[in-house]
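Structural characterization, general
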Amino acid sequence: MKPISALFAALPGSVAQGLIWGILAIGVYITYKILDFADLTVDGSVGTGGAVAVVLILHGCPVPLALVAAFFAGCIAGLITGTLHTMLGIPGILAGILTQLALYSLNLDIMGQANTSINVDKYPLIVSLRFIPSSIIKGALFVAAITAILYWFFGTEQGFTIRATGCNSNMARAQGISTDKATVIALILSNGLVGLAGGLLAQYQGNADVNMGRGAIVIGLAAVIIGEVIGDLILGKHLNFSGKLLFTAVGAIIYFVVIQIVLWLGLSTQNTKLFSAIVVSVFLAIPYLRGKSKNSFKRAAKRGEIKDA
Amino acid sequence: MLELNDIRKTFNLGTINEKRALNGVSIKLEDGDFVTIIGGNGAGKSTMLNAIAGVWPVDSGSITINGVNVTGLPEYKRARYLGRVFQDPMTGTAATMEIQENLALAKRRGNKRMLSWGITKKEKEEYHELLKSLDLGLEDRMTSKVGLLSGGQRQALTLLMATLKKPEVLLLDEHTAALDPKTAAKVLELSDKIISEEKLTAMMVTHNMNDAIIHGNRLIMMNDGKIIYDVRGEEKKKLTVPDLLNKFEEVSGGKLDNDRMLLS
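Now for a description of the structure that goes with this document. Numbers given to residues run from 1 along each chain, matching the order in which its sequence is written. Each chain gets a letter, beginning with A, and each ligand a number, beginning with 1, in the order they are written. pLDDT decides what is reported in this predicted model: residues at 70 or higher carry local features, side-chain atom pairs at 80 or more are listed and counted, and totals for whole chains, interfaces and linings draw on all residues regardless. With hydrogens and water excluded, all non-hydrogen atoms of the structure serve as input to the side-chain values.

**Quick notes on the packing of aromatic side chains**
Geometrically, a pair of aromatic rings is defined through the distance of the ring centres and the angle of the planes. Residue and element names in this part refer to chain A. For the record, the criterion: Two rings from Phe, Tyr or Trp (for Trp, the six-membered ring) form a pair when their centres are within 6.5 Å of each other. A pair whose planes differ by under 30 degrees is stacked, one over 60 is edge-to-face, and the rest are tilted. We call a charge positioned over a ring when the NZ of a Lys or the CZ of an Arg lies within 6 Å of the ring centre and within 35 degrees of the ring normal.
Within the structure shown, the criterion is met by eight aromatic pairs over all chains. Each residue in the set Tyr29, Trp152, Phe153, Phe154 and Phe241 is aromatic and connected to the rest through ring pairs, giving one cluster. If you follow Arg163 out to its NZ or CZ, it ends over the ring of Phe160, 5.2 Å from the centre.

**Topic: the sheet that holds strand β1 (residues 2-11) of chain B**
Note on sheets: strands pair through backbone hydrogen bonds, and any given pair is parallel or antiparallel. All names here are of chain B. Here is the rule: The pairing criterion is simple: DSSP has to find at least two bridges between the two strands. A run of H or I in DSSP becomes a helix once it reaches four residues, and a run of E becomes a strand once it reaches two; helices and strands are each numbered from the N terminus.
Reading across the sheet, the four strands line up as β2-β1-β4-β5 and stay open at both edges, with antiparallel pairing between neighbours. The sheet terminates laterally at β2 (19-29) and β5 (68-69), the two strands that pair on one side only. Taken together, the eight bridges between β1 and β2 define a ladder with antiparallel strand orientation. Note on β2: the bridge partner recorded for Leu4 is Ile27.

**Comments concerning the interface of chain B and chain A**
Note the following rule: Every residue pair with non-hydrogen atoms within 4.5 Å of one another is taken to be in contact. Each of two parts loses accessible area, computed with a 1.4 Å probe, when they are put together; buried area is these two losses added. Each salt bridge in this description consists of a side-chain nitrogen of Lys or Arg and a carboxyl oxygen of Asp or Glu lying within 4 Å of one another. Here a polar contact is taken to be a pair of N or O atoms separated by no more than 3.5 Å, where protein atoms must pair a possible hydrogen donor with a possible acceptor and residues adjacent in sequence count only if both atoms sit in side chains.
At the interface, 30 residues of chain B touch 20 residues of chain A. Carbon and sulfur atoms make up 61% of the area that chain B and chain A hide from each other, which totals about 2,200 Å². It is Tyr76, Arg113 and Leu115 of chain B that lose the most area in chain B upon contact with chain A, and together they represent 27% of the buried surface on that side. Summed over the shared surface of chain B and chain A, the number is three salt bridges. Put simply, Glu157 of chain A and Arg108 of chain B hold a salt bridge, and the shortest N to O gap is 2.6 Å. On the surface where chain B and chain A come into contact, there are eleven residue pairs in polar contact (both at pLDDT 80 or more). Sorting the residues of the side of chain B that touches chain A by element identifies α2 (75-78) and α3 (99-107) of chain B as the ones contributing at least two each.

**Examining unusual backbone geometry**
Residues and elements named next belong to chain B. Applied cut-off: Burial classification: accessible surface area is computed with a 1.4 Å probe over protein chains only, and a residue below 20% of its type maximum counts as buried, one above 50% as exposed, and the rest as partly exposed.
Phi angles above zero are rare outside glycine, and Asp135 is one such case at about 65°. With respect to the secondary-structure elements, Asp135 resides in the loop between α4 (121-134) and α5 (151-164). Residue classification places Asp135 among the exposed positions, given a relative accessible area of 63%. The backbone phi angle of Glu174 is positive, close to 50°, even though this residue is not glycine. In this structure, Glu174 sits in the loop between β7 (169-173) and α6 (181-197).

**What to know about the pairing of strand β8 (residues 202-205) of chain B**
All names here are of chain B. Applied cut-off: By convention a crossover is right-handed if, when the strands point away from the viewer, the path from the first strand over the helix to the second runs clockwise.
Residues Ala202 and Met204 point to one face of β8 and Met203 and Val205 to the other, with burial holding for every one of them. Pairing between strand β3 (residues 34-39) and β8: four bridges, direction parallel. Note on β8: the bridge partner recorded for Thr36 is Met204. Note that β7 and β8 share four bridges and pair parallel. Note that in β8 the partner of Leu170 across the bridge is Ala202. This β-α-β element, β7 to α6 to β8, shows right-handed connectivity.

**Some words on the layout of surface pockets**
The condition is simple: We place a 1 Å grid over just the protein atoms. Points where a 1.4 Å probe fits but has no way out form a cavity, open points with protein on both sides within 12 Å along at least 5 of 7 lines form a pocket, and any residue with an atom within 4 Å of a point lines it. Grid points are joined across faces, edges and corners, and a volume is the space filled by probe spheres set on the points. Throughout, the ten residues Ala, Val, Leu, Ile, Met, Phe, Trp, Tyr, Cys and Pro are labelled nonpolar, Asp, Glu, Lys and Arg are labelled charged, and all others, Gly among them, are labelled polar.
Volume-wise, the largest pocket comes out at about 1,700 Å³. Lining the largest pocket are 46 residues, and of these Tyr29, Leu239 and Lys244 of chain A together with Thr96 and Lys145 of chain B sit closest to its centre. When residues of the lining of the largest pocket are traced back to their parent elements, those giving at least two are α1 (4-35), α5 (132-153), α6 (157-167), α9 (216-235), α10 (241-264) and α11 (272-294) of chain A together with α3 of chain B. Of all the elements, α9 of chain A adds the most residues to the lining of the largest pocket, at seven residues. A breakdown of the residues in the lining of the largest pocket according to their chemical character gives 24 nonpolar, ten polar and twelve charged. Volume-wise, the second largest pocket comes out at about 630 Å³. Lining the second largest pocket are 25 residues, and of these Gln17, Trp21, Phe256, Thr272 and Lys273 of chain A lie nearest its centre. Of all the elements in the fold, those that place two or more residues in the lining of the second largest pocket are α1, α8 (179-205), α9, α10 and α11 of chain A.

Structural data, given as structure tokens:
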């Protein structure tokens, strides 16, 4: 086993990475928790954000503007999934998979190759794994700003329509809400954030890669679920909406810290995705199993055993 | 004013499950009409309300509300004219949203929803007073999630939401059927109160013949996707349950097959 100092040296990097993925996870939170829609577009739109940002920066575009473009590229991906689902009647999960697959080709087209690197010494990148402390600060600022904006947005009439649609679409329509429109808006917003996260992630790791989004939805879900559990443990009923978003980012940080720890314990890098899938499965299963243990036939049988005389 | 003109709707056309649900329904409601609707299972009572609400497009016929032909409008666009309460208390409210947020959603029925606040401070005070009038103690739980309420409380809230912005027509689809008798009576009393105070035009599907006779100024009976009996005013007031049963057998040539209706 490597010395523990190696682990501590690696942890700040995990925090920076967690904050960037936290932005993606907040995007996932919008679809998965608020809209109740498992959106697999994410695996494609994170790569699109990365590809757009890197290619634009390499062509001399100012970095902040490139990030705005990454955001809008993600928005378009969300719009496509939303259109496939609401206007063409394709089931949500399948609509996301179709967009994701199409984006794989488009991401290659945007970059012209599978991997495009960008050097922080030549371009004024916002975040980079070469400058971890400043990346952590900037990542935290992004998370805080996004949380503030979303807190405002979901308090508006438009935000209410998305929440109502995700909770009870029959009720929403009876109250005059176009549930199709609300679904599309939520998907656009969510994938916009994912695209932005992709743009930052590509800068952080110094390249945009056509495979950078593989499994992104699982990491996003892991962050959402870990954040939910931790938030509930710490704040319980006092957890408000902005708190939930912040804890989603905290969940992403915890996820990367845990990955760092298991890597340090000797897990090989190629098995991290296997590990992620297992972690998410376990966390998704816990609420179900908990409910079942309170309400199981086995226990009923035990309680109802007829004692022999 | 609501007018249905020869509405027809067949479900699962051309399959073994083909069902002619509405078979030429025509009715005209005057302003302030409170119509109770009875009929056997599958008579088309709820289907007629769903046709009015625009849950799906009708096959033929026209629906006019206050002179506006709404036949081609989807459900969410028709909502501006309609208040609705459903049989299932879960259907009418958003469980994960606060009581006051649900009211705020209803307050904006038919409005364009943009980026102004989803609920304002002034509204909260207004809702507080309104909930007080319900006398269910909900005014002290305005920030509670609706999912924590009982079925009766949720139906009362849905009723309030349906009438918060005065609807041209209030559609009540067996809205007390899922409640225990005591709660059902309370919700029905509240419905009566709101309808008479606000002078609403309303349609209420019920399986309880007594309720159908006591409430409203007009009663219609449906069978096989058609209105087979339409009575109003003094004549309606004098009706008895045996009268209705006789009427049904006379018009339809069969016994009423709705057990719930016979038992209650």
